[in-house]
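Residues per chain, in single letters:
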Amino acid sequence: MFFYLLNFFSNKRLIFIISALLLCIFVAHLFDLDSIPAGFYQDESSIAYNAALIAQTGKDEYNIRFPIYFKSFGDYKAPIYIYTVALIFKLLGVSEFNSRLASFIFYILALIFTFLLIRIIFKKNFLMEIYILLTFGFLPHFFTISRISFEVISQLALISLVVLLVKLTFHAKTGQVWWINSLFCGLILGVSLYSYPTARLLTPLMLISLWVVYFQKKNIQKLALITIGFVGTLIPYITFAVNNPGALSARFQTITYLYSSISPTKKISIFLYNYLRYFSPDFLTKYGDSNLRHSTGYGGVIFSITFFLFLIGLISTFYYRKVFSRFNIFLLINMMVSPIAGSLTANGVPHALRGILLSYYILIFSCYGFQLILSIKRYRTRKIMIICTYIIISLEIIGYTCNYFIDYAPKSIEAMESFNFKKSLQTAIDHSPEEILFAPYYFSHEKAHLKFYSYLIKNPHNIPIKIIHLDESVPKLENRCLLYYTRSESKVSKFPYSFTDFRSEMEMSKIQKLLNIHPPNARTRVRCFQ
């Protein structure tokens, strides 16, 4: 039988293979983490700046001590991720790499929890473990988001832990510790509420789905403990909502169509259209998110082979009684629920951040599809199918990662919108002007870059840094350095002063040069006037 491999490898060799895969995952995720994507997006700068302040003073940029939610240019950011970054800054120092390292840590946690779940479901099947490591380790959706400093990756980690705990609570023989699993499950489910805005809808719906799926006399105590744990975590949320009425829904009101004047029928139509787009092959396997911060533009958010195995797994899970269970119904309900929050927004649909949990559930169901291949009775057919599956996965991984580090790297400059901001500010400081002037293009949002990098970069002579608006009167520029975005070039070029111009471009690798890939123009520039 093909599964003679399981007997051939000793435990040490099994550990070696898994360790080798994990090493590849670590290297791929951490390689040039601070420079690809190129530039820190404004949300990343805002998160890093507040985390740095929390690590140093315990207060955010608005001088609030250990806030429940962090105010950020009209929005309120979830706390789990920012406090994690603050802890990393406290231990390792403040840097772009360490800020994005938080995403990698949450990603690794999600990988570990999912790996353990798969080991339980498929009874430590080595071939299945290799499959989940390969797919989860390099799935485009998770890979891209794990390399940027956004809060959403914490939601993936927490929900993957909740799903593992649900499996242990209701399906594993845990003896006297069942109440610990139940209470811990409720606590983690409640904590996930503070991970990302979509959790404010999806987390309560997951609790409801638990009651719907597992409502039996023998499960009442478990469900009650889960609910108690969940309710206990709501105290900070309710406190904040009472003290800041409307704060947590303000951002949603600006991006949803629910408050528009269109008819209810039209709103339902928009919702259904948006919802179905999350399940479309265009989003899942062809193009992904059109926003290059969330996707690379190469393929979809999941691999084509993953989507194929998902379809097989979904059918087999509910067709064969052997694998049918309440747990699978729980997974299915939450998979179908996962795009709802994203479908309520007007623009940017399908949105990779708001739909991150969809890829998680699809990946779990794809394991059932791979299990169907592993259960093929004819040895030769089974062997060919397994080998072909691994080959296709490997080819898709190679294609995606090569594109990410070679073609996507320069393209990400446009999406991240702040490439070489740090170097430009450092150049201005090194020039020792009387004053540094910063002219943001979007006046409110881009101030986050200046705040973070002013904190990060040493300014030994305490050169004052001032924000100006180029649409107002011509500023005094003699003996000053002006830091501005290239989109403002036409305005800056009209200033009648002599200057020295500083600009930098992305340094291309030998492979990129060989493929004739040219770097985009720098996003920020410095002019030091005489």
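In this text the structure is predicted, and so the values were computed from the model without any measurement.

Peer 1: I keep staring at the sheet that holds strand S7 (residues 524-529) and nothing clicks. Help me out?
Peer 2: Where strands meet in a sheet, backbone hydrogen bonds hold them as pairs that are either parallel or antiparallel. Reading across the sheet, the five strands line up as S4-S3-S5-S7-S6 and stay open at both edges, with mixed pairing between neighbours. Here the strands that pair on one side only, and so sit at the sheet edges, are strand S4 (465-467) and strand S6 (499-502). The sheet shows a mean angle of 20 degrees between the axes of neighbouring strands, taken without regard to direction. As defined by bridge partners, strand S3 (residues 435-439) adjoins strand S5 (residues 480-485) across five bridges and the pair is classed as parallel. Bridge pairing in S5 places Ala-439 opposite Tyr-484.

Peer 1: Help me out: how do you make sense of the pattern of salt bridges in this one?
Peer 2: Pairing of side chains with opposite charge becomes possible as their charged atoms draw close. Following the criterion strictly, the structure yields twelve salt bridges and no others. We note a salt bridge from Arg-480 to Glu-434, for which the minimum N-O separation is 3.7 Å. With Arg-480 in strand S5 and Glu-434 in the loop between helix H21 (421-430) and S3, this pair connects stretches of sequence that are 46 residues apart. Judged by its relative accessible area of 12%, Arg-480 falls in the buried class. Residue Arg-525 is joined to Glu-489 by a salt bridge in which the shortest nitrogen-to-oxygen separation is 2.7 Å. Here Arg-525, found in strand S7, pairs with Glu-489, found in helix H23 (residues 489-492); they are 36 residues apart in sequence, far enough to count as distant. Like Glu-489, Arg-525 is buried. Through salt bridges with shared partners, one network takes in Glu-434, Glu-435 and Arg-480.

Peer 1: Looking at this structure, how should I read the packing of helix H8 (residues 152-171) against helix H10 (residues 199-214)?
Peer 2: When two helices pack together, their arrangement is given by the angle between the helix axes and the distance between those axes. The geometry of H8 relative to H10 is characterised by a closest axis approach of 13 Å and an angle of 10 degrees between their N-to-C directions. Classed by the angle they form, the pair H8 and H10 counts as roughly parallel. Residues Gln-155, Ile-159, Val-162, Val-166, Phe-170 and His-171 of H8 pack against Ala-199, Leu-202, Met-206, Leu-210 and Tyr-214 of H10. Looking at the contact of H8 with H10 residue by residue, the classes come out as nine nonpolar, two polar and no charged.

The rules behind each value
- Residues numbered from 1 in each chain as written.
- Predicted model: local features only at pLDDT ≥ 70, side-chain atom pairs only at ≥ 80, totals over all residues.
- Heavy atoms only, no water.
- Pairing = 2+ DSSP bridges.
- Helix = DSSP H or I, 4+ residues; strand = E, 2+ residues; numbered from the N terminus.
- Axes fitted to C-alpha atoms, helices over the stretch in contact; angles between N-to-C directions.
- Salt bridge = Lys/Arg side-chain N within 4 Å of Asp/Glu carboxyl O.
- Buried < 20%, exposed > 50% of the residue type's maximum accessible area, 1.4 Å probe, protein only.
- Parallel < 35°, antiparallel > 145°, perpendicular 65-115°, else oblique.
- Contact = heavy atoms within 4.5 Å.
- Nonpolar A, V, L, I, M, F, W, Y, C, P; charged D, E, K, R; others polar.

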